[in-house]
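# Notes for the structure review
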Amino acid sequence: MTIDLGLLGAHLREHEVNPAAAAQVERAGYGTLWLDASPPADLGLAEKLLDATTRLVLGTSIVNAWTADADTVAASHHRIEARHPGRFLLGVGIGHREVHAEYASPYDTLVSYLDRLAGAGVPSGRTVVAALGPRMLRLARDRVAGTIPGMTTTEHTRRARAILGPGRLLLPGHFALIEPDAGRARAIARSAPPGLALGVTNYANNLRRLGYTDDDLADAGSDRLIDDLVAHGEPATVADRLLAHRDAGADQIGVFPLGDDPIATLMGVADAVHAATAR
C-alpha cells in the first residue's frame, strides 16, 4: 500500500463539506477526508474535493453495495485515479437492514460486489471494507487492503488487529467532542450518533460482542458506553483517547466530529492530537 493516509482522518457527510472546508481540513494536518453516508456512485463530490486540495487523500465511508452500482463506482474510481493518482481510497460496505428493504445475505452480497469491482479493474490494494464482526474482518484481511470500522472502541481495535494480522489497514472511526462538561458532552452524543445509532442491528450486535449489555444500549446509551464511544473532555484528554486506537493497532484514527460546528471540532481535535504527539 503506497498511499499515504496520515495519522488522522476526518469523517464528514456531504452536507457538511465543500471544497473550501476540504482545504481547511488539509491545512489542519488531516491525511484523509472520509466522505460518509453512502455517497452516490458517480463520486462527483469526491472529485471536487480532491480538485480543491493538493495532498489530501479522499476516501469513501462508505459506498453502499445496495445503492451504488458497482460498474459505475469502478468507472468513477478509474476517472478519479487518472486525475488524482494515489489520492483516492474506495471504502465499500453493506449498509444496515433498518435502511434497505432489500437487505439480505450481507456477506455474500459484499463478496459479489467486491468481485464486480475487481472484474472492472479496481485494485484490491485501493479498496477497504466496513467490517465489524469477525467474518467481515476476515473478508477485509483476505480480499482487500483493510477495514474502516465505525461506532467502535479501542477494545474493538485490539480485536480487529488480532484478526487482520500485520500488513492490513485498520482505520477505525471514533466520535470526538472537545467539551469539558461530561454531562453536556454525553447529552450531545445521545442526541446524535452514536446515541441515535444504538438501535441499528449491526452496531448493537458488535457492541454486545464487546461486552456491553442491553442496559448499556437502552435510552441512547449508558454513561459507560457513551464514554467509550466518544472522546470528550479537555483537548489533551480527547487526544489521548483517540491516540489509544493507535496503541491498540490502528494505522489511522478517523474522527467523527460532534457538536454544532463539525469543522471547528475537527480543527480543535487536530490541534490537540498534534500537541500530544509532540510531547
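This is a predicted model, so every value here is computed, not measured.

Mapped onto the fold, Ala-46 is located in helix H2 (residues 44–51). Of the residues examined, Ala-46 reaches a relative accessible area of 0% and is grouped as buried. What Ala-46 contacts, discounting residues up to four positions off in sequence, is Leu-35, Leu-58, Ile-80 and Phe-88.

A cis amide bond, omega 10°, links Ser-61 with the succeeding residue Ile-62. Inspection of the secondary structure assignment puts Ile-62 in the loop between strand S3 (57–61) and strand S4 (63–64). Residue Pro-194 is reached from Pro-193 by a cis peptide bond, and omega for that bond is 20°. Along the chain, Pro-194 falls in the loop between helix H7 (182–190) and helix H8 (201–209). Of note, the phi angle at Ala-37 is positive, near 65°, even though the residue is not glycine. Along the chain, Ala-37 turns up in the loop between strand S2 (32–36) and H2.

With that out of the way, let us pick up the pairing of strand S1 (residues 8–12). Extensive coverage of S1 is indicated by the burial of 5 of its 5 residues. Where S1 lies against strand S11 (residues 253–257), 3 bridges are found, and the strand directions are parallel. For Gly-9, the partnering residue across the bridge sits in S11 and is Gly-254. Sheet topology note: the S1/S2 ladder contains 4 bridges and is parallel. Pairing of Ala-10 across the sheet is with Leu-33, part of S2. Taken together, S1, helix H1 (residues 19–27) and S2 constitute a β-α-β crossover, and its handedness is right-handed.

Thresholds, definitions, all that
- Every chain begins its residue count from 1, and numbering advances along the sequence as written.
- Restriction of local features to residues with pLDDT of at least 70 applies here, the model being predicted, together with a cutoff of 80 or more for giving and counting side-chain atom pairs; totals for whole chains, interfaces and linings are based on all residues.
- For the side-chain quantities, the full set of heavy atoms in the structure was used; hydrogens and water were omitted.
- The way it works is that DSSP assigns letters per residue, a run of H or I at least four long becomes a helix, a run of E at least two long becomes a strand, and they are numbered from the N terminus.
- Remark: exposure states derive from per-residue accessible area (1.4 Å probe, protein chains only) relative to the maximum for the residue type, with buried under 20%, exposed over 50%, and partly exposed in between.
- Two residues qualify as a contact provided that any one of their heavy atoms is within 4.5 Å of a heavy atom in the partner residue.
- The pairing criterion for strands is at least two bridges between them, as found by DSSP.
- We call a crossover right-handed when, viewed with the strands running away from us, the connection from the first strand over the helix to the second turns clockwise.

That's the geometry; what it means functionally is another story.
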